[in-house]
Amino acid sequence: MDKFIYLDNAATTKTAPEVVEAMLPFFSERFGNPSSIYGLGSANKDVISRQRESIASALGAKPSEIYFTAGGSEADNWALKATAEAYSSKGRHIITSKIEHHAILHTCEYLEKQGFEVTYLDVDEDGIVRLDELKAAIRPDTILISVMYANNEIGTIQPIREIGEIASAHQILFHTDAVQAFGQLPIDVDACHIDMLSASGHKLNGPKGIGFLYIRKGVKIRSFIHGGAQERKRRAGTENVPGIVGLGTAVARAVRTMEERTAREKELRDYLIGRIEKEIPHCRLNGDREKRLPNNVNFSFRFIEGESLLIMLDGKGICASSGSACTSGSLDPSHVLLAIGLPHEIAHGSLRMTLNEEVTKEDLDYVVESLKEIVNRLRQMSPLYEDFLKRGER
């Protein structure tokens with residue numbers, strides 16, 4: 001295959017060469033267990049501390065507030081389940097949104113079975129939580145608000161600072177799933193009144209299997225994994241030193257390159273959106289046009305199935321997705337697209353393309369030409385499109 005264009009960076013990113021290089025010694029030469037007394041192992045305690053400091057500085061947090069996990073899903077589970085357990089005597093009501101990642105939604109479903117009540121907020125047609133509805137949902141027994149920083153499918157960025165202010169004013173803990181936003185957007189946990197924040201290494205050119213949960217000092221949640229005294233007795237298990245080094249290196253790299261990188265991504269994102277809207281009829285941009293992640297493009301194409309579109313794009317060397325990678329095996333339409341009001345038949349024809357720093361304008365020109373050809377071919381095979389043309393609709 002001559003062409004290979006990777007446009008699924010919301011699913012996972014390629015580990016950066018400098019990240020791999022930083023990790024390698026900790027697989028072989030510096031492999032010691034940080035809990036050991038002898039030098040080979042104990043030296044890695046300092047290594048972990050330095051990475052913790054690097055990550056904390058990217059958030060305006062304290063190093064002691066960063067707890068390493070196996071990824072974003074674990075961090076989300078920890079934040080919700082441990083908060084529910086620790087604050088159940090105060091209340092048993094949680095607020096979240098209908099467009100959260102399934103790591104949040106499925107955890108909320110679990111907690112409902114344990115006797116907790118969950119309010120799932122609606123969003124507007126661009127996927128943004130309405131602040132007046134959030135305020136109206138708050139009850140005396142509300143203990144937690146969890147709203148994602150930016151949506152993994154449609155890229156919409158939530159009014160996090162305002163949500164944090166509302167939560168703080170009502171003395172309610174505020175958690176945000178920042179898996180897509182961290183490394184793409186500047187984040188200040190104090191300015192946004194964030195009490196807990198989840199992030200994952202493989203979304204920002206770091207390795208898979210490593211992430212963290214920021215827990216503000218004073219938030220009284222307990223261990224999620226028991227069995228040892230690691231992570232200041234809050235997360236048992238031998239530390240993933242290579243992964244932590246990779247994550248810290250990736251975070252430092254993301255912060256260093258953020259301004260220039262995201263400015264370029266925005267320019268290419270808007271170029272791609274503009275060409276698709278101008279040259280492919282009967283399409284809809286999903287997500288807010290302005291308040292969206294720098295690298296996110298999500299369209300619905302009427303009269304076609306997203307799965308067929310993906311298969312044919314793959315045949316042309318283009319990797320994309322129709323929604324969250326975690327639900328790619330599902331035949332159901334995206335819960336996010338349904339929540340913003342799309343009917344099933346249009347939600348099924350969605351395409352998510354997420355850019356990276358290697359994608360060029362020439363690559364996107366090839367993508368658009370390929371899309372035009374594939375969408376036209378699929379529509380020619382669609383009885384719905386044939387009926388649409390016969391009715392003379394526009």
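Predicted, not measured: the structure shown is a model, and the values here were computed from it. (Residues numbered from 1 in each chain as written. Predicted model: local features only at pLDDT ≥ 70, side-chain atom pairs only at ≥ 80, totals over all residues. Heavy atoms only, no water.)

Quick look at the overall build of the protein now. Tallying secondary structure elements over the protein gives 13 helices and 12 strands in all. For the protein, the C-alpha radius of gyration of 22 Å lies close to 21 Å, the compact-globule estimate for 394 residues. For the protein, the C-alpha atoms occupy an extent of roughly 75 × 55 × 35 Å along the three principal directions. Burial analysis of the protein (394 residues in total) assigns 56% to the buried set. Contacts in the protein between residues at least 24 apart in sequence constitute 73% of all its contacts with a sequence separation of at least 6. For the protein, the exposed area adds up to about 17,300 Å²; of that, 50% sits on carbon and sulfur atoms. (Helix = DSSP H or I, 4+ residues; strand = E, 2+ residues; numbered from the N terminus. Rg over C-alpha atoms; globule rule 2.2 N^0.38 Å. Buried < 20%, exposed > 50% of the residue type's maximum accessible area, 1.4 Å probe, protein only. Contact = heavy atoms within 4.5 Å. Areas by Shrake-Rupley, 256 points an atom, 1.4 Å probe, with all protein chains shown as cover.)

You can see Gln230 is positioned in helix H7 (residues 230-233). Not counting chain neighbours up to four residues away, the residues in contact with Gln230 comprise Ser35, Arg235, Ala236, Gly237, Thr238 and Glu239.

Next up on the list: the pairing of strand E7 (residues 196-200). Judged by how many residues are buried, E7 sits mostly within the fold: five of five residues are covered. Here E7 shows two buried faces, one formed by Met196, Ser198 and Ser200 and the other by Leu197 and Ala199. Across three bridges, the pairing between strand E6 (residues 173-177) and E7 is parallel. Paired with Asp177 across the two strands is Ser198, which belongs to E7. Bridge analysis of E7 against strand E8 (residues 211-215) gives five bridges, and the strand direction is antiparallel. Bridge assignment links Leu197 to a residue of E8, and that residue is Tyr214. (Pairing = 2+ DSSP bridges.)

So, on to a nonpolar patch on the surface. A cluster of nonpolar residues, Val20, Leu24 and Phe27, forms a patch on the protein surface that exposes about 290 Å² of accessible area. Note that Val20 resides in helix H1 (residues 17-23). For Val20, a relative accessible area of 34% translates into the label partly exposed. (Patch = residues over 30% accessible without salt bridge, like charges linked within 9 Å, V, L, I, M, F, W, Y side chains within 5 Å. Salt bridge = Lys/Arg side-chain N within 4 Å of Asp/Glu carboxyl O.)

Moving on to empty space enclosed by the protein. A complete count under the given rule lists one cavity of 30 Å³ or more for this structure. Computed from the structure, the largest cavity encloses a volume of approximately 210 Å³. Thr13, Gln184, Lys203, Asn205 and Asn295 are, among the 19 residues lining the largest cavity, the residues nearest its centre. For the lining of the largest cavity, a count of residues per class yields six nonpolar, eight polar and five charged. (1 Å grid on protein atoms, 1.4 Å probe; cavity = no way out; pocket = protein on both sides within 12 Å on 5 of 7 lines; lining within 4 Å. Points joined across faces, edges and corners; volume = space filled by probe spheres on them. Nonpolar A, V, L, I, M, F, W, Y, C, P; charged D, E, K, R; others polar.)

Here we take up the pattern of salt bridges. In total, this model carries 25 salt bridges according to the counting rule given. The partner of Glu279 in a salt bridge is Arg275, with the nearest N and O atoms 2.7 Å apart. Of this pair, Glu279 and Arg275 both sit in helix H8 (residues 241-279), separated by four residues, roughly a single helical turn. Judged by relative accessible area, Glu279 falls into the partly exposed class, the value being 28%. Accessibility expressed as a relative area gives 14% for Arg275, which makes it buried. The salt bridge involving Arg275 is made with Glu369; its shortest N-O contact spans 2.6 Å. Taken together, the residues span a long stretch of sequence, with Arg275 in helix H8 and Glu369 in helix H12 (residues 361-380) at a distance of 94 residues. Each of the salt bridges in this network shares a partner with another, and the network as a whole consists of Arg275, Glu279, Asp365, Glu369 and Lys372.

Turning our attention to the environment of Ala79. Inspection of the secondary structure assignment puts Ala79 in helix H3 (residues 72-86). Here the alpha-carbon distance between Ala79 and Gly227, two residues 148 residues apart in the chain, equals 19 Å. When near neighbours in sequence (up to four residues on either side) are disregarded, Ala79 contacts Leu144, His175, Met196 and Leu213.

Let's shift gears to the sheet that holds strand E10 (residues 296-301). Strand order in the open sheet formed by three strands is E9-E10-E12, with antiparallel pairing between adjacent strands. The sheet is open, and its two borders are formed by strand E9 (283-285) and strand E12 (350-354), each paired with just one other strand. Each strand of the sheet is rotated relative to its neighbour by a mean of 25 degrees, with strand direction disregarded. As paired strands, E9 and E10 are joined by three bridges and run antiparallel to one another. (Axes fitted to C-alpha atoms, helices over the stretch in contact; angles between N-to-C directions.)

Look at helix H2 (residues 39-59) against H8: their axes get within 9 Å of each other, and the N-to-C directions meet at 30 degrees. The angle between H2 and H8 places the two elements in the roughly parallel class. The chirality of how H2 crosses H8 is left-handed. Of H8, the residues touching H2 (which contributes Asn44, Val47, Ile48, Gln51, Ser54, Ile55 and Ala58) are Val241, Ile244, Val245, Leu247, Gly248, Thr249, Val251, Ala252 and Val255. (Parallel < 35°, antiparallel > 145°, perpendicular 65-115°, else oblique. Left-handed = near helix turned anticlockwise from the far one by under 90°.)

Moving on: helix H13 (residues 383-390). Its side-chain oxygen placed 3.3 Å from the backbone nitrogen of Leu384, Ser382 serves as the N-cap of H13. Note on H13: the residue one or two positions beyond its end, Gly392, has a positive phi of about 70 degrees. (Polar contact = N/O pair within 3.5 Å; in protein donor to acceptor, adjacent residues only side chain to side chain.)

Its identity is not glycine, yet Lys233 carries a phi of approximately 65 degrees, on the positive side. Classification of Lys233 as exposed rests on a relative accessible area of 63%. Phi angles above zero are rare outside glycine, and His282 is one such case at about 55 degrees. Examined against the element boundaries, His282 turns out to sit in the loop between H8 and E9.

This is a description of form; function is not addressed.
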